[in-house]
Every structure is written in C-alpha cells, then in structure tokens.
Amino acid sequence: MNIMEHIAILVVITPLFGAFSTPFVSLAGKKAADIWVGIFSGLTFVFSILLGLKVLRSGIVIYTLGAPEPAIATVDYNGLIFPVRILLEVDALSALLALVISLIGFFAAIYSWRYMEHDTGVEKFYTLFLLLLTGMLGIVLTGDIFNMYVFLEIMSISAYALVAFRKETFEAVEAGIKYLVVGSAASTLILLAVAILYGVYGSLTIAQIAHLIEVSPSPLIWGALALYLTGFILKAGIVPLHMWLIDAHPAAPSSISALLSGVVIKTGAYAIIRIFFTLYGVEVMNRALIGWIIVVIAVITMFVGGSLGLIQQDLKRLLAYSSVAQMGYIALGIGVALIAFNTTAGDAGLVGALFHLLNHAIMKGMLFLIAGVILHQLGTRNINEMGGLIKKMPITSACFIIGGLAIAGVPPFNGFVSKLILYEASAMISPALAVIAIISSALTLGMYLRVIQTAFLGRAPETLKDIRDPPASMLIPIVILAILIVIFGILPSLPVDSIITPAVEAVKNQASYLSAVLP
Amino acid sequence: MIKRRAIGLSAILLIFGLLFAGVFLLHPYGEPDYTLAIKQGDSFYQRTATDDYFIERGKMAEESGSTNIVAAILFDYRGYDTLGEATVLFTAVAGATAMFRRERKGDEDE
Amino acid sequence: MKMSEKPYELSVIVRTVARLLFGLILIFGFYVIVHGHITPGGGFQGGVVTALAVIMLLAAYGYEGVVTEVREKILERFESLGAIMFWTLGLVGVIATATYFADVLYKGTPGELISAGTIPLMNIAVGMKVASGVAVLVIIMSIGMYYSRKYQKAEKEGAEE
C-alpha cells in the first residue's frame with residue numbers, strides 16, 4: 001500500500017478514525033486521550049502537507065472512492081462515459097484550504113490539553129473536535145456536491161454541540177441553540193440546491209455538472225445558485241446572515257472559537273469560490289451583476305463588523321465582530337475577481353482574497369487562543385477588568401499586539417500585505433471601493449488599539465496579582481502562529497509564490513478541473 | 001410584529017412559488033429527457049445515464065453483486081457518503097451525550 | 001385498580017406485551033440487517049428496528065425501570081465499535097491495492113446470503129452503529145425527562161413546606 005497514492009482520502013479518514021476510537025482510548029484516562037488527539041491531528045497535518053506537495057508537483061489529484069484505481073473516475077456504459085462514483089478532486093485551492101485547516105486544527109488540539117483541564121466530558125470534546133476537523137477537510141477535498149453536503153452536516157452538527165459545550169453557562173446553551181436553528185436552515189437550503197441540480201442534470205459530480213451547465217444552462221440553476229449562496233453566506237458569517245456568529249464564537253471554548261473563526265467560516269468562503277468559479281463557471285453567469293452584489297454585501301459586512309466591534313466590552317465578542325469584518329474583505333476580493341475576471345484587477349482580487357483567507361485564519365486563530373489564555377489565567381473576558389497584562393504575561397501580550405496590529409493592516413505584518421493587495425484590486429475597479437475598504441480598516445485598527453491600550457498597557461488592577469504566562473503547551477502554538485504572522489509580513493512572496501498563486505491559477509482554470517475527470 | 005410576519009410569509013410564498021414554477025421546467029416524472037444528448041452532437045453525456053447504469057449494472061457480480069440495488073448504491077457506489085451519514089448520526093449522539101453529561105465528578109446518584 | 005407504586009410504568013397489559021415482543025423485535029431487526037443486500041432493508045432500517053425494542057421497553061417501564069438493565073455507556077461503546085468496523089471495512093479496499101470503499105471480497109452468486117462482498121458486513125457494522133446510537137439518543141432524552149421530573153417534584157415539595 002503506497003501512502004502517496006491514497007493521500008487524498010487519508011487526510012479525511014485519519015481524523016475520522018481518531019474520532020471513532022477516542023471513546024475507547026479515553027478509558028485509559030485523560031492523558032491518553034490528550035496524546036491520542038494530538039497524534040491524530042498531527043498526522044492529519046502531515047498528510048495535508050504531503051497532499052499539498054503532491055498537488056504542487058503533479059497537478060490535480062483525483063481519488064475515486066471504490067474504483068479499482070484511484071484515477072479511474074469514469075465508467076464506460078454503452079459508449080457513454082461519465083462518473084458514477086464519489087470522487088475527491090484536489091486542486092491547489094483545496095490543498096491550500098486543507099493545509100490551513102489542519103494547521104489550525106493541530107495547534108488548537110495541542111492548546112486544548114491544558115485549556116480543557118477544568119472541564120468534564122473531555123473525551124466527548126475530543127471526539128467532537130476531531131469530527132469538526134473531519135467535516136471541514138471533507139468539504140474542501142470533495143469533488144461531489146452531495147458529499148460536500150454530508151460533510152457540511154458533520155461539521156455543522158459537531159460545531160453546534162461544541163458551541164454549547166460549556167452547558168453550565170446560559171450563554172453557551174443559548175448560542176448553541178441559535179446556531180443550531182439558523183445553521184440547520186442554511187443546510188436545508190444547500191440540500192435543496194443539490195436536489196435541484198441533481199434533478200436537472202442527473203449527476204452529482206462537480207466536474208460533470210459544470211460541463212453540463214456549460215453545454216445547456218437550464219433556468220433552474222439560478223434558483224439553485226440563489227439557495228446555495230444564501231446557505232453558504234450564512235455558513236461564512238457574512239452580513240446580513242452573521243447574527244449566529246456573534247453569539248456562537250464567543251460562547252464556545254476558546255480552542256473551538258479559534259477553529260470556528262479561523263477556519264469553519266472559511267469553508268463557507270471556499271464553497272462560494274468553488275460554486276462561482278468551478279461549478280457554474282464565469283462564462284454562463286452575468287459576472288458584473290453577481291460581482292457587484294457580492295461587493296455591496298462585502299462593504300456592508302466590513303462596516304457592520306468594524307463599527308459594532310468598536311463598542312464591545314467582551315474580548316471574545318469583539319474578536320467575533322472582527323471576524324465578520326474580515327470576512328467582508330475576503331468577500332470583497334471574490335466580488336472584484338468576478339467583476340474583472342481574468343484581468344490584472346481580477347487576479348489581484350483573487351490573490352488578495354486567498355492570501356487574506358490564509359492570514360486571517362492564522363491571525364484570528366491566534367487571537368482567540370490568546371483570549372482563551374486570558375480567560376484561563378484571569379477568569380474574565382471583560383476588557384475593562386484587565387489592565388497592565390504586558391508586565392504580568394509578556395509573551396502572550398506581545399503576541400496579542402502583533403496579531404491585533406496585523407489584523408488591522410499595519411506594516412510589517414501579514415495583514416497589511418493582503419489588505420494592500422485588496423485595496424489595489426478594488427481601486428482598479430472603482431477608487432471609491434478602495435477608500436471604503438481603507439476606512440473600515442481604520443475601524444478595525446481603532447478596535448484593536450482600544451483593547452491593547454486598556455487590557456495590555458496601563459496599570460494592573462489589584463485583583464490581578466498572581467497572573468503569569470500560561471503553561472508551555474498553550475503558549476507554543478500561539479508563539480508559532482505569531483512567528484508565522486511576522487514571516488508572512490516581511491517575506492510575503494514566500495507564501496504568495498509557493499501556495500497562493502497556484503491556488504489562484506486553479507480557481508481561474510475551470511477547464512483543467514473539468515478535464516481531470518472527464519475524458 | 002404583524003408587519004414582520006407579513007414580510008416573512010410573503011418571502012416564503014415567493015420561494016414556494018419559484019420552486020413550484022421550477023417543477024414544470026424538469027422533465028416529466030418517469031419520462032427521461034434525451035434532448036440534452038442530442039443537442040450536444042459529438043459529446044458523450046446524457047442526463048439519465050447514471051440511473052440506467054445503476055439499474056442495469058448494479059446487481060451484476062462484477063460490480064457489486066447485491067440484488068438490492070439500494071444497498072448496492074448505499075454501500076458500494078456511494079459508500080463514502082454512507083460513512084458520512086453514519087458519522088452524522090455518531091456526531092449527533094456524541095453531541096447529545098456531551099450535552100447531558102454530568103457537570104462535576106462525584107455528582108449525586110448514578 | 002389502584003394507582004401503581006411506580007407512576008412511570010404503563011399498565012400491566014402493556015408491560016407484558018412489551019416483554020413478550022422484545023425478543024421478536026430484536027430478531028426481526030437482525031433479520032433486516034443481515035438480509036440487507038438481497039431484500040429491501042439494510043443496516044439503517046434494521047438498526048432502527050432493533051433500537052425500537054429498547055424504546056418500547058422505555059415506554060412501558062419508564063427510565064427508572066430500564067436503567068438497571070440497559071446501560072447507555074455500554075451502548076455508546078458499541079456504537080463506536082460499529083463505526084470503527086465500518087471504517088475498517090472501507091480500508092479493506094486500500095489494503096487490496098484498490099481504493100477506499102472498493103468492494104474486493106468474494107462476490108458469490110447474486111441473490112444468495114453469502115454474496116456481494118463487503119456489503120453484508122458493512123450492513124452489520126452500520127446496523128450495530130445505528131441500533132446502539134438511536135437507543136442511546138432515546139435513553140438520553142429520557143434521562144433529561146427523569147431529571148426534570150425530579151426537579152419539578154422537589155420544587156413542588158419545597159413550595160408546600
């Protein structure tokens with residue numbers, strides 16, 4: 001058995017096996033469960049790197065479930081050649097997302113060791129954690145719309161339970177139920193879209209449907225597109241469907257908040273990109289109209305997230321609003337890329353969107369982990385009860401300042417680079433757009449400067465006497481993410497040239513995605 | 001409050017109307033539409049080939065060998081989806097047991 | 001007939017019938033699971049039928065009457081075991097140098113009980129998983145009901161004092 005041949009499926013089924021076996025391993029105590037979840041999330045990370053290398057080296061990876069050979073995607077039926085089985089289709093975009101997800105997932109797992117030490121039911125927590133990881137990886141790697149829905153459900157249901165995991169607080173249960181109700185509604189819309197596409201075209205494979213849409217677009221697909229967009233905009237937490245995010249992300253345990261804000265909402269953005277550029281293709285749709293709709297939504301999202309975040313007293317709630325604002329930037333990049341597809345502006349928009357997606361996953365993942373450190377060490381999330389933390393916990397505070405400045409787009413950190421690319425791209429479409437984006441970035445800066453000034457600088461209140469930096473297993477993931485922020489800020493060409501540009505090429509090149517499956 | 005309900009109701013009616021109108025754009029039930037294959041000329045694809053393939057080949061020994069074609073589709077052609085669905089149930093059970101767990105160790109009875 | 005000492009139990013007729021039918025329902029569930037690849041049914045359907053046996057006991061005897069016989073912790077382990085079995089049966093294809101979920105075992109003659117390769121085995125794994133999973137869900141819900149009833153009772157007594 002050659003591992004590289006099966007690497008695409010291994011990325012999904014490794015955390016899945018970890019989830020199934022955690023109940024047995026946890027019989028041997030919490031320590032065993034800790035190590036088990038560390039091993040499996042680490043293995044997933046390693047497999048994601050190997051998968052990424054394979055995609056970069058040999059192009060799109062096809063893995064057909066149940067076929068005699070992974071690459072045999074189609075069957076020959078009386079001279080008709082079409083795919084019948086489920087297949088995973090991994091291009092550079094999927095590989096990029098898988099890498100980001102498993103990176104944040106691995107760090108969040110290590111972080112959870114000490115963070116969850118005071119909670120009961122840790123084995124359930126780890127099971128759901130690995131299932132959340134499985135769901136996200138399944139979504140980004142699959143080449144089949146129904147399979148995408150199935151993994152979306154795995155991701156969503158485990159996320160509902162994890163948000164409400166600290167059930168002794170009213171806030172968590174309320175947020176969990178809210179997330180459950182609106183999330184299920186969104187899932188239903190997505191299932192309806194899948195049903196319509198299957199009803200019209202009789203296939204579930206993305207490549208096959210994309211080909212059929214190109215050949216004979218039916219009016220029904222626009223209904224499916226509307227349902228798809230509504231569902232995934234909710235899953236991505238973009239205004240006007242962001243209300244669940246503001247409650248759910250702060251209420252979850254912090255390692256889960258890092259995953260939710262860092263990568264779960266990114267799978268929504270991934271699905272939107274995949275649907276626009278691969279499933280439907282830019283040729284059949286009215287690019288300018290849909291692109292401008294996305295841009296308007298994006299602008300509103302940036303402003304709502306930025307301005308409401310300014311007045312929050314709760315640190316994690318502030319970070320959640322900031323996530324909404326940053327999703328606006330990613331949506332802005334997607335909208336610009338749709339309006340000006342295959343021009344300099346469009347390419348810059350895509351580069352900006354994907355680079356900001358990567359950066360935001362790292363930055364927001366780290367910031368939520370730090371919020372968790374503060375909650376763990378101080379026992380409060382209220383900014384006004386903090387003060388002078390930089391003297392008490394210098395490493396954590398330095399990392400928070402780096403992350404806060406990076407997300408606000410201050411040089412020399414990575415957020416600055418990706419936002420700069422987005423400003424340039426939107427200025428080529430309309431200078432007013434760039435101005436709006438810069439103004440809302442100033443809102444984000446104000447938001448984070450306030451936190452830094454109140455919580456980290458200044459004088460420490462009397463109540464915070466014996467505060468220290470957290471244990472190493474919580475600190476190391478944070479420090480590594482902070483180092484990544486600085487490296488990506490100083491040497492942006494390193495990630496852009498090696499992983500972002502191939503992903504952009506993959507998004508733009510619908511024909512190669514199709515020809516990898518169809519003869 | 002009434003205004004909000006009216007907006008919600010009209011939105012539901014609108015979506016229902018659009019979906020209902022969409023039904024007439026599909027091919028009639030049980031009567032496959034082969035026009036797509038003709039329209040394509042030299043292209044290979046046609047709409048209903050997947051269903052025919054399952055019905056004809058599903059029970060053959062070289063494919064799955066199961067006379068219950070539903071089982072053949074569930075566990076052979078789309079086995080990965082079934083694993084996913086079983087995982088959805090597993091997730092739901094894990095989530096429910098996590099919600100009903102005891103809060104502190106050594107809580108009273110059971 | 002005077003009120004039973006145990007208010008959570010249904011009448012003696014229901015209890016007797018439930019006791020008698022328990023084994024029959026289990027056997028029918030197993031039948032549906034094992035014959036999944038040749039007759040209508042399969043792991044999901046048979047699993048739910050099997051879980052129904054436990055649900056019927058819960059309805060007839062109440063949570064307090066069943067909890068001593070059926071432990072949800074054990075059922076949870078069974079569920080994980082079923083899931084691992086299903087996962088591993090998928091891996092058989094990888095080991096046999098095909099792909100994940102490839103049906104590589106002995107196919108036999110279509111229509112016989114021993115045929116269709118891994119499909120009957122997968123049915124059994126899924127049946128085990130679904131049966132214990134659904135049973136656990138219902139037991140957990142009844143635990144919730146049990147505690148809310150207990151708290152209500154305690155509140156009522158507190159109010160009367």
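Residues numbered from 1 in each chain as written. Chains lettered and ligands numbered in written order. Predicted model: local features only at pLDDT ≥ 70, side-chain atom pairs only at ≥ 80, totals over all residues. Heavy atoms only, no water.

(A) Quick look at the overall build of chain C. Helix and strand content of chain C: four helices and zero strands. In sequence order, the secondary structure elements of chain C are arranged as α-α-α-α. Here the C-alpha atoms of chain C give a radius of gyration of 21 Å, more than 25% beyond the 15 Å that 2.2 N^0.38 yields for 161 residues. With respect to the principal axes defined by its C-alpha atoms, chain C has extents near 75 × 30 × 20 Å. Split into buried and exposed, the 161 residues of chain C put 46% on the buried side. When contacts within chain C are restricted to residue pairs at least 6 apart in sequence, those whose partners lie at least 24 apart make up 65%. Surface accessibility of chain C: about 8500 Å² in total, with carbon and sulfur atoms responsible for 71%. Computed over 13 positive and 13 negative side-chain charges, the separation of the two mean positions in chain C equals 3 Å. (Helix = DSSP H or I, 4+ residues; strand = E, 2+ residues; numbered from the N terminus. Rg over C-alpha atoms; globule rule 2.2 N^0.38 Å. Buried < 20%, exposed > 50% of the residue type's maximum accessible area, 1.4 Å probe, protein only. Contact = heavy atoms within 4.5 Å. Areas by Shrake-Rupley, 256 points an atom, 1.4 Å probe, with all protein chains shown as cover. Lys, Arg positive; Asp, Glu negative; His and termini not counted. Charge placed at Lys NZ, Arg CZ, Asp CG, Glu CD.)

(B) Highlighting the packing of helix α13 (residues 344-378) of chain A against helix α15 (residues 394-407) of chain A. Residue and element names in this part refer to chain A. Where α13 contacts α15, the two axes come as close as 9 Å, and the packing angle between them is 145°. The two elements α13 and α15 cross, and the hand of that crossing is left-handed. For the pair α13 and α15, contact is made by H360, M363, K364, M366, L367, I370 and V373 and by T396, C399, F400, G403, G404, A406 and I407, respectively. Classifying every residue of the contact of α13 with α15 by side-chain character gives nine nonpolar, four polar and one charged. (Axes fitted to C-alpha atoms, helices over the stretch in contact; angles between N-to-C directions. Left-handed = near helix turned anticlockwise from the far one by under 90°. Nonpolar A, V, L, I, M, F, W, Y, C, P; charged D, E, K, R; others polar.)

(C) Representation of the nonpolar core in the model. Judged by nonpolar contacts, the single largest core of 253 residues is most densely connected at L197, Y228, F276, F277, Y280 and L354 of chain A together with Y100 of chain C. It is α13 of chain A that provides the largest number of residues to this core, a total of 20 residues. Membership of the second largest hydrophobic core comes to ten residues, among which are V75, Y77 and V84 of chain A together with Y53 of chain B. (Core = buried A, V, L, I, M, F, W, Y, C linked by side-chain atoms within 4.5 Å.)

(D) Looking closely at the interface of chain C and chain B. Contacts between the two partners involve 37 residues from chain C, matched on the other side by 29 residues from chain B. At the junction of chain C with chain B, the criterion picks out zero salt bridges. On the surface where chain C and chain B come into contact, there are four residue pairs in polar contact (both at pLDDT 80 or more). Going through the elements one at a time, α2 (43-66), α3 (72-95) and α4 (119-160) of chain C are the ones with two or more residues in the side of chain C that touches chain B. The residue makeup of the side of chain C that touches chain B, split by class, is 20 nonpolar, eleven polar and six charged. (Salt bridge = Lys/Arg side-chain N within 4 Å of Asp/Glu carboxyl O. Polar contact = N/O pair within 3.5 Å; in protein donor to acceptor, adjacent residues only side chain to side chain.)

(E) Region of interest: the interface of chain B and chain A. Across the boundary between the two partners, chain B contributes 46 residues, which contact 56 residues of chain A. Counting the surface lost from both chain B and chain A, the interface buries some 4500 Å², and carbon and sulfur atoms represent 66% of this. On the surface where chain B and chain A come into contact, there are two salt bridges. As a salt-bridge pair, R78 of chain B and D144 of chain A come within 2.8 Å of each other at their nearest N and O atoms. Across the chain B-chain A interface, the total number found is four residue pairs in polar contact (both at pLDDT 80 or more). By residue number, the principal contributor to the side of chain B that touches chain A is helix α5 (residues 79-99) of chain B, which donates 15 residues. Of the residues contributing to the side of chain B that touches chain A, the split by class is 19 nonpolar, eleven polar and 16 charged. (Buried area = accessible area lost by both parts, 1.4 Å probe.)

(F) Focus on the confidence of the model for chain C. Summarising the model, chain C shows a mean pLDDT of 83, and 94% of its residues fall at 70 or more. Between the elements of chain C, mean pLDDT differs from a low of 85, seen in α4 of chain C, to a high of 90, seen in helix α1 (residues 12-34) of chain C. (pLDDT = per-residue confidence, 0-100.)

(G) Representation of the packing of aromatic side chains in the model. Across all of its chains, the model carries 26 aromatic pairs over all chains by this definition. Between the aromatic rings of Y228 of chain A and F232 of chain A, the centroid separation amounts to 5.8 Å while the plane-to-plane angle is 20°, which identifies the pairing as stacked. Taken together, the positions of Y228 of chain A and F232 of chain A, both in helix α8 (residues 220-236) and four residues apart, correspond to about one turn of that helix. A centroid spacing of 6.5 Å and a plane angle of 65° characterise the contact between W87 of chain C and Y100 of chain C, whose relative ring orientation is edge-to-face. Here the residue W87 of chain C occupies a position in helix α3, and Y100 of chain C occupies one in the loop between α3 and α4, the gap between them amounting to 13 residues. The two residues W87 of chain C and Y100 of chain C agree in class, both being buried. (Phe/Tyr/Trp six-rings, centres within 6.5 Å; stacked < 30°, edge-to-face > 60°.)

(H) Inspection of empty space enclosed by the protein at higher detail. Residues and elements named next belong to chain A. Using the criterion set out here, one finds six cavities of 30 Å³ or more in the structure. By volume, the largest cavity amounts to about 80 Å³. Secondary-structure elements contributing two or more residues to the lining of the largest cavity are α10 (254-280), α11 (287-310) and α12 (315-339). Grouping the amino acids of the lining of the largest cavity by side-chain chemistry returns ten nonpolar, no polar and no charged. (1 Å grid on protein atoms, 1.4 Å probe; cavity = no way out; pocket = protein on both sides within 12 Å on 5 of 7 lines; lining within 4 Å. Points joined across faces, edges and corners; volume = space filled by probe spheres on them.)

(I) Fine view of the pattern of salt bridges. Scanning all chains against the criterion turns up 14 salt bridges over all chains. For D34 of chain A, the salt bridge is made with K30 of chain A, and the minimal N-O distance between the two is 3.0 Å. With a gap of four residues between them, D34 of chain A and K30 of chain A both fall in helix α2 (residues 30-58), about one helical turn apart. Among the residues examined, D34 of chain A registers a relative accessible area of 6% and is labelled buried. Notably, a salt bridge pairs D247 of chain A with K178 of chain A, separated by 2.7 Å at the nearest N-O pair. Separated by 69 residues along the polypeptide, D247 of chain A in helix α9 (residues 243-251) and K178 of chain A in helix α6 (residues 170-201) bring together distant segments of the chain. Bridged by salt links that share partners, the residues D144 of chain A together with R78 and D81 of chain B form one connected network.

(J) Region of interest: unusual backbone geometry. Residue and element names in this part refer to chain A. Going from V239 to P240, the amide bond is cis rather than trans, its omega being 10°. With respect to the element layout, P240 can be found in the loop between α8 and α9. For the peptide bond that leads from P411 to P412, omega is 5°, which places it in the cis range. Topologically, P412 is positioned in the loop between α15 and α16 (414-429).

(K) Representation of helix α3 (residues 92-115) of chain A. With 24 residues, α3 of chain A extends 34 Å between its outermost C-alpha atoms, agreeing within 8% with the 34 Å of an ideal straight helix rising 1.5 Å per residue. With respect to burial, α3 of chain A is a largely interior element, 20 of its 24 residues being buried. (Expected span 1.5 Å × (residues − 1).)

(L) Summary view of the pairing of strand β1 (residues 61-64) of chain A. Residue and element names in this part refer to chain A. The two faces of β1 match: V61 and Y63 on one face and I62 and T64 on the other face are all buried. One ladder, built from four bridges, connects β1 with strand β4 (residues 87-90); its direction is antiparallel. What sits directly across from V61, in β4, is V90. (Pairing = 2+ DSSP bridges.)

(M) Geometry of the environment of Y280 of chain A. All names here are of chain A. Summarising the element assignment, Y280 is placed in helix α10. Between the alpha carbons of Y280 and V61 there is a distance of 21 Å; along the sequence they are 219 residues apart. A polar side-chain atom of Y280 sits 3.2 Å from the main-chain amide nitrogen of L225.

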